[in-house]
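Examining the three-dimensional arrangement
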Amino acid sequence: MTVHFIGAGPGAPDLVTLRGRDLIASSPVCIYAGSLVPPEMLAFAPAGARLVDSALMTLDEIVDEMVRAHTHGLDVARLASGDPSVFSAMAEQMRRLDALDVPYDVCPGVPAYAAAAAALRRELTVPTVAQTVTLTRIAARATPMPEGEGIGELTRAAGTVVVHLAVHRIEEVVKELLDVHGPDCPAAVVAHAARDHQVVLRGRLDGIAADVRAAGIERTAVVIVGPALAAEQFPDSHLYSDGRCRS
């Protein structure tokens, strides 16, 4: 028996990996966060599978479901939105499973920021403009941020900033970034990336909060800020240059 932590991608069923799809299809138990993982994703589960919505469950209750499956020799598909390597609470679940000697593995998924960049048709790392991408969030009611990892502190090196789990506090995000990036810095918000009801907002940092409120976006969105979003005048990269390809 194995617990499979599976990146379910940004929500579009056709953006889950083939490996993830096959693991879901072979697991008699599927634990998913109903607030983030769309019901269409559950269509990959086998007939008669036990489907458990973890949205309102505690960590103990989630682990109990995994242990119950373990005692019956049943594989578990544990779906996480996006990619489980960031903001998925996977680490604390794995720590519990290690203590209980329950085996698990991890299947990566398409992260939300990648789906958002695709919707914007933008590369987040542009030659001489931005070569660093910072993925972060704000504390709000969630776990406190470690010392030195506030948005303002992290982004003083510029680059492209991607803020997860914070669109409902967009004014606070903008306030943290204004002093570093300036009011005219390009900004974007992508909600429900890659899904039929996707919403894409583009603008300046000093106006993006009003755009978010006008659009009624309150969740399932990422905020992206940085000059790469509007970069047009930049040199070609060395990757495909004559000098490299002919040397």
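Here we summarise the structure given alongside this text. (Residues numbered from 1 in each chain as written. Predicted model: local features only at pLDDT ≥ 70, side-chain atom pairs only at ≥ 80, totals over all residues. Heavy atoms only, no water.)

**Looking at the sheet that holds strand E4 (residues 76-80)**
With parallel pairing, the five strands of this open sheet are ordered in space as E3-E2-E4-E1-E5. Taken across any chain shown, the strands that pair with only one partner, and hence form the sheet edges, are strand E3 (50-53) and strand E5 (104-107). Averaged over all pairs of adjacent strands, the angle between strand axes in this sheet comes to 20 degrees, irrespective of strand direction. Relative to E4, strand E1 (residues 3-7) runs parallel, the two being bridged by five bridges. Within the sheet, the bridge partner assigned to Gly7 lies in E4 and is Ala80. (Pairing = 2+ DSSP bridges. Helix = DSSP H or I, 4+ residues; strand = E, 2+ residues; numbered from the N terminus. Axes fitted to C-alpha atoms, helices over the stretch in contact; angles between N-to-C directions.)

**Details of the packing of helix H6 (residues 170-181) against helix H7 (residues 208-215)**
Between H6 and H7, whose axes approach to 9 Å, the crossing angle comes to 170 degrees. Judged by the angle between their axes, H6 and H7 are roughly antiparallel. Residue-level inspection shows Ile170, Glu171 and Val174 of H6 in contact with H7, the latter providing Ile208, Ala209, Val212 and Arg213. Grouping the constituent residues of the contact of H6 with H7 by class yields five nonpolar, no polar and two charged. (Parallel < 35°, antiparallel > 145°, perpendicular 65-115°, else oblique. Contact = heavy atoms within 4.5 Å. Nonpolar A, V, L, I, M, F, W, Y, C, P; charged D, E, K, R; others polar.)

**Quick word on unusual backbone geometry**
Most peptide bonds are trans, and most residues other than glycine sit at a negative phi. Located in the positive-phi region is His192, a residue other than glycine, with phi close to 55 degrees. Looking at the element boundaries, His192 is found in the loop between strand E8 (186-191) and strand E9 (199-204). Positive phi is not limited to glycine here, since Ala194 has a value of about 75 degrees. Summarising the element assignment, Ala194 is placed in the loop between E8 and E9. When its relative accessible area of 32% is taken as the criterion, Ala194 is described as partly exposed. (Buried < 20%, exposed > 50% of the residue type's maximum accessible area, 1.4 Å probe, protein only.)

**Section: the environment of Gly203**
Summarising the element assignment, Gly203 is placed in strand E9. In sequence terms Gly203 and Ala187 are 16 residues apart; their C-alpha atoms lie 5.4 Å from each other. Setting aside chain neighbours within four positions, we find Gly203 in contact with Cys185, Pro186, Ala187 and Ile208.

**Some details on the sheet that holds E8**
The five strands are arranged E6-E7-E10-E8-E9 in an open sheet whose pairing can be described as mixed. Only two strands of the sheet have a single partner each, and these edge strands are strand E6 (133-136) and E9. Strand-to-strand twist in this sheet, taken as the mean axis angle between neighbours without regard to direction, amounts to 15 degrees. Taken together, the three bridges between strand E7 (residues 160-163) and strand E10 (residues 221-225) define a ladder with antiparallel strand orientation. Bridging from a neighbouring strand, Val161 pairs with Val225 of E10. Set on the sheet, H6 makes contact with E7 and E10; between it and E10 the angle comes to about 15 degrees. Of the strands in this sheet, E8 and E9 are in contact with H7, which crosses E9 at around 155 degrees.

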